[in-house]
Amino acid sequence: MKSILPLIFFAFIIQLSNAQTYTNAESVEYDPVNDQWLVSNGSRMIADDGNGNLTFFGTGPAQLGLEVLGNTAFVSVADGVKGYDLTTENEVMDVSVPGATFLNGMTNDGNNTLYATGFSSNKIFAIDVSDLNNPVVTEIVSNTGQQPNGIVYDGANNRLLFVTWTNPALVKAVDLTNNMVSDVTSTNVGQIDGIDDDSQGNYYVSSWSPDRITKYNSDFSVSEVVTTPAINSPADIGINQATNTLAIPIFSDVIFVDLQVLSVEDLTQDAHAFGVSSNPIQQHSYAQFTTDGSQEASLTLYDMRGVKVTDLFYNPNPNGIQKVLFAGIEIPKGVYFLQLKIGNKYQKTLQVIF
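In this text, all values refer to a predicted model and were calculated from it rather than measured experimentally.

S.K.: Break down the overall build of the chain for me, with residues and values.
M.R.: Of the regular secondary structure elements, the chain holds one helix and 30 strands. Its C-alpha atoms give the chain a radius of gyration of 22 Å, within 12% of the compact-globule value 20 Å for 354 residues. With respect to the principal axes defined by its C-alpha atoms, the chain has extents near 75 × 65 × 30 Å. The buried share of the chain, reckoned over its 354 residues, is 52%. For the chain, contacts bridging at least 24 residues in sequence account for 43% of all contacts bridging at least 6. On the chain, roughly 15,900 Å² of surface is accessible, and the fraction owed to carbon and sulfur atoms is 47%. In the chain, 15 positive and 37 negative side-chain charges are present, and the distance between their average locations comes to 11 Å.

Here it is in structure tokens:
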């Protein structure tokens, strides 16, 4: 009788080689055709059901930007764009983009046009994908002025909004009537990677310096920090507008945040409106407080013995409403203390249950 151990060992090796894990989660998009999230992860695209179950999608590379339009998932691959059918997972388009260096962020107009940023070339391209066998590439901006990264289509104003990598970074616009570039707002962060909008017309940007998500209203006149201590170098974020779910790729993982819980009004009546939404703590829970921008602020989590567990927030001069999400924090269940310090005079501690 022949031994079956070699066959078992071989099957085990095959299973390991097909294991789905995040190693370079860069860009995330919701796939409404299959009710899942697609994530560019370097050599392969990954499908994520939002509950921790991962599978490979297709067999081609998915290095940088990712955009879903119709029945196709488009991915940028340095100097070109590939398209994959959402039903069959087969490659259905492959186009090079002349003049593109480090092609990165992508968006679409909901019809037949993709827009992509050339991170290293400071260019923006339009790609007509009405015929996947013969896509047409047009350079619409030859010089963005600063390195463009994430990009989103603003149909109500017939423009593109894109973010820059510079420190401090900018939100800029491209008027699609004449392709002219203008500044929308300057931010107090640097190295912005992604931008996307929710169903209410608000915009969210992900930055590396510091690591955070910042929310802006529709005309960018008001901003607030929406951050989570679990994120590190948040990349090209995506939002499912049907459920108002924000997906944050952080290279080794993707964190999902329910944006609807961030619409709660001030939680307390003290000077800094310090409180916690949903305690015991759940994945959608958050701490909230307000600051006037004149003093440094920190938020720290301690265990029952008074030993620091983790620093949740620090900013030398935050201004406005600060919301610190607990999504992604993995600690033993129990009672903890959340301490907020603002300047040298204000200090308050809340008991929280994980």
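There is more to say after this.
S.K.: Account for the layout of surface pockets, with residues named and values stated.
M.R.: The calculated volume of the largest pocket comes to roughly 490 Å³. Residue lining of the largest pocket: 24 residues in total, with Glu 29, Glu 67, Asn 108, Asp 196 and Ile 239 positioned closest to the centre. Looking at the lining of the largest pocket, the elements that each hand over two or more residues are β1 (27-31), β5 (66-69), β9 (103-108), β13 (148-154), β17 (190-197) and β21 (238-240). When residues in the lining of the largest pocket are grouped by element, the largest group, four residues, is from β5. Tallied by class, residues from the lining of the largest pocket come to twelve nonpolar, seven polar and five charged. If you add up the space inside the second largest pocket, you get close to 310 Å³. In this structure, the second largest pocket is lined by 17 residues; those nearest its centre are Asp 253, Val 254, Ile 255, Phe 256 and Gln 283.

S.K.: Describe the side chain of Gln 36, naming the residues involved and giving the relevant values.
M.R.: Within the secondary structure, Gln 36 is located in strand β2 (residues 36-40). When neighbours within four sequence positions are excluded, Gln 36 is seen to be in contact with Glu 29, Tyr 30, Asp 31, Ala 47, Asp 48 and Phe 57.

S.K.: Go over the sheet that holds strand β27 (residues 308-315), please, and point to the residues and values.
M.R.: Sheet architecture is open: four strands sit in the order β27-β26-β29-β30, paired in antiparallel fashion. What marks the edges here is a single partner per strand, and that holds for β27 and β30 (346-353). Taking the axes of each pair of neighbouring strands and ignoring which way they run, one obtains an average angle of 15 degrees across the sheet.

S.K.: Provide a residue-level description of the pattern of salt bridges, including the pertinent values.
M.R.: Applying the stated criterion across every chain yields a total of seven salt bridges. With a shortest N-O distance of 3.6 Å, Asp 183 and Lys 172 are connected by a salt bridge. In this pair, Asp 183 sits in strand β16 (residues 180-186) while Lys 172 sits in strand β15 (residues 170-175), placing the two residues eleven residues apart along the sequence. For Asp 183, a relative accessible area of 53% puts it in the exposed group. The exposure class of Lys 172 is buried, given its relative accessible area of 8%. Residue Lys 323 is joined to Glu 224 by a salt bridge in which the shortest nitrogen-to-oxygen separation is 3.5 Å. Placement of Lys 323 in strand β28 (residues 319-325) and of Glu 224 in strand β20 (residues 223-227) is noted, with a sequence separation of 99 residues between them. Considered together, Lys 323 and Glu 224 belong to a single accessibility category, that of buried residues. The network of salt bridges with common partners includes Lys 82, Glu 91 and Asp 94.

S.K.: Which residues make up the pairing of strand β18 (residues 203-209), and what values go with them?
M.R.: Here β18 lies mainly inside the structure; five of its seven residues are buried. Bridge count between β17 and β18: six bridges; the pairing is antiparallel. Opposite Gly 190, over in β18, you have Ser 209 as the bridge partner. Counted between consecutive antiparallel strands, the loop separating β17 from β18 contains five residues, among which Gly 201 sits at a positive phi close to 90 degrees. Alignment of β18 against strand β19 (residues 211-216), held across six bridges, turns out to be antiparallel. Considered in β19, the bridge of Tyr 203 is made with Tyr 216. Taken together, β18 and the strand that follows it, β19, pair antiparallel across an intervening segment of one residue.

S.K.: Describe the nonpolar core, and please don't skip the residues or the numbers.
M.R.: Core analysis: the largest hydrophobic core is formed by 22 residues, its most contacted members being Phe 289, Leu 299, Phe 326 and Leu 338. Within the residue set of this core, elements represented by two or more residues are β25 (286-292), β26 (297-302), β27, β29 (335-342) and β30. In terms of residue count, the dominant contributor to this core is β29 (four residues). The contact partners of Leu 338, leaving out residues within four places of it in the chain, are Phe 274, Val 276, Ala 287, Leu 299, Thr 300, Leu 301, Leu 312, Phe 326, Lys 348, Thr 349, Leu 350 and Val 352. Counting residues in hydrophobic clusters, the runner-up holds 15 residues, among them Ile 231, Ile 248, Val 257 and Leu 325.

S.K.: Give me the sheet that holds β16: which residues, what numbers.
M.R.: Pairing in this open sheet of four strands is antiparallel, and the strands run β13-β14-β15-β16 from one edge to the other. Either end of the sheet is taken by a strand with one partner, and the two such strands are β13 and β16. The sheet shows a mean angle of 25 degrees between the axes of neighbouring strands, taken without regard to direction. Across five bridges, the pairing between β13 and strand β14 (residues 159-164) is antiparallel. Counterpart to Tyr 153 in the pairing with β14 is Leu 160.

What counts, and where the lines are drawn
Residues numbered from 1 in each chain as written. Predicted model: local features only at pLDDT ≥ 70, side-chain atom pairs only at ≥ 80, totals over all residues. Heavy atoms only, no water. Helix = DSSP H or I, 4+ residues; strand = E, 2+ residues; numbered from the N terminus. Rg over C-alpha atoms; globule rule 2.2 N^0.38 Å. Buried < 20%, exposed > 50% of the residue type's maximum accessible area, 1.4 Å probe, protein only. Contact = heavy atoms within 4.5 Å. Areas by Shrake-Rupley, 256 points an atom, 1.4 Å probe, with all protein chains shown as cover. Lys, Arg positive; Asp, Glu negative; His and termini not counted. Charge placed at Lys NZ, Arg CZ, Asp CG, Glu CD. 1 Å grid on protein atoms, 1.4 Å probe; cavity = no way out; pocket = protein on both sides within 12 Å on 5 of 7 lines; lining within 4 Å. Points joined across faces, edges and corners; volume = space filled by probe spheres on them. Nonpolar A, V, L, I, M, F, W, Y, C, P; charged D, E, K, R; others polar. Pairing = 2+ DSSP bridges. Axes fitted to C-alpha atoms, helices over the stretch in contact; angles between N-to-C directions. Salt bridge = Lys/Arg side-chain N within 4 Å of Asp/Glu carboxyl O. Core = buried A, V, L, I, M, F, W, Y, C linked by side-chain atoms within 4.5 Å.

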